[in-house]
Amino acid sequence: MLHLIKHFSTITRHRHKVIYHCYKCGILWQGLRHDLSKYSPTEFFAGAKFYLGDRSPTEAERREYGYSRAWMHHKGRNKHHFEYWTDYNPQTRRPEAVEMPLNYVKEMFCDRVAAGKIYLGDGYTNNNPIEYFERGNAKSSMHPKTAALLEGWLEMLQKEGEKKTFAYIKSLK
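Conventions we followed
Residues numbered from 1 in each chain as written. Predicted model: local features only at pLDDT ≥ 70, side-chain atom pairs only at ≥ 80, totals over all residues. Heavy atoms only, no water. Core = buried A, V, L, I, M, F, W, Y, C linked by side-chain atoms within 4.5 Å. Buried < 20%, exposed > 50% of the residue type's maximum accessible area, 1.4 Å probe, protein only. Helix = DSSP H or I, 4+ residues; strand = E, 2+ residues; numbered from the N terminus. Contact = heavy atoms within 4.5 Å. Lys, Arg positive; Asp, Glu negative; His and termini not counted. Salt bridge = Lys/Arg side-chain N within 4 Å of Asp/Glu carboxyl O. Arc of directions from axis to C-beta. Expected span 1.5 Å × (residues − 1).

K.L.:
With reference to specific residues and values, describe the nonpolar core.
P.N.:
Residues M100, M108, F109, F133, M142 and L150 are the most contacted members of the largest nonpolar core, which totals 27 residues. Among the secondary structure elements, those contributing two or more residues to this core are α1 (2-24), α6 (102-120), α7 (128-135), α9 (144-160) and α10 (162-171). A per-element tally of this core places α6 first, with 7 residues. Among all residues touching F109, those that are not within four sequence positions of it are L150, W153, L154, L157, T165, F166 and I169.

K.L.:
Please provide a residue-by-residue account of the side chain of R15, values included.
P.N.:
Looking at where R15 falls in the secondary structure, it is placed in helix α1. No salt bridge is formed by the buried R15. Its closest oppositely charged neighbour is D35, at 7.2 Å. Each residue touching R15, except ones within four places of it in the same chain, is listed here: G31, L32, R33, H34, L36 and Y39.

K.L.:
An account of α10 is needed here, citing residue identities and associated values.
P.N.:
Buried residues of α10: E162, T165, F166 and I169, and no others. End-on view of α10: buried residues confined to an arc of 95 degrees, all on one side of the axis. Of the surrounding secondary structure, the elements contacted by the buried residues of α10 are α1, α6 and α9.

K.L.:
Report on α9, specifying residues and quantitative values.
P.N.:
The periodicity of an α-helix, 3.6 residues per turn, causes residues three or four places apart in sequence to face the same way. Under the 1.5 Å per step criterion, the end-to-end length of α9 is 23 Å for 17 residues, consistent within 8% with the ideal 24 Å. If you check which residues of α9 are buried, you get T146, A147, L150, E151, W153, L154, M156 and L157. Buried residues along α9 sit against α6, α7, α8 (138-141) and α10. Just beyond α9, the residue with positive phi is G161, at close to 95 degrees.

Below you can see the structure in the form of structure tokens.
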């Protein structure tokens, strides 16, 4: 029961942080709809069962089953995840990354910054989102234009801070 409450608290605090960041980027309505699927039974109960507190519970679910049913559900319903943006390429006959629309890249940026703040707490700095991006394999899995756009904003956050970065992102149409 305790993990159920802690998971609910974590995803709700994260969602509220994303909403605030989306507001600062000029996509409030999108922020208000952010991650609502996390409250669905498929995602919520797995999240509570595999609750870790300092990172996504999908990692623990993957360790147990070899995949995360909650993540498969989540990425298929939330367009701010680059994994959503893959399609079959008739020339190569393989699934490939598709360039993400600007508004979803904005939400992805807000999501990544908010996740760092929630999971790292007082230890968060504006260096964390770019460091996380560089450590992972997301860049090689995204469409090159999407990856370059996100990376540029994360570097701007690191060097220029939130106020300037959110204002710049908001100015983009």
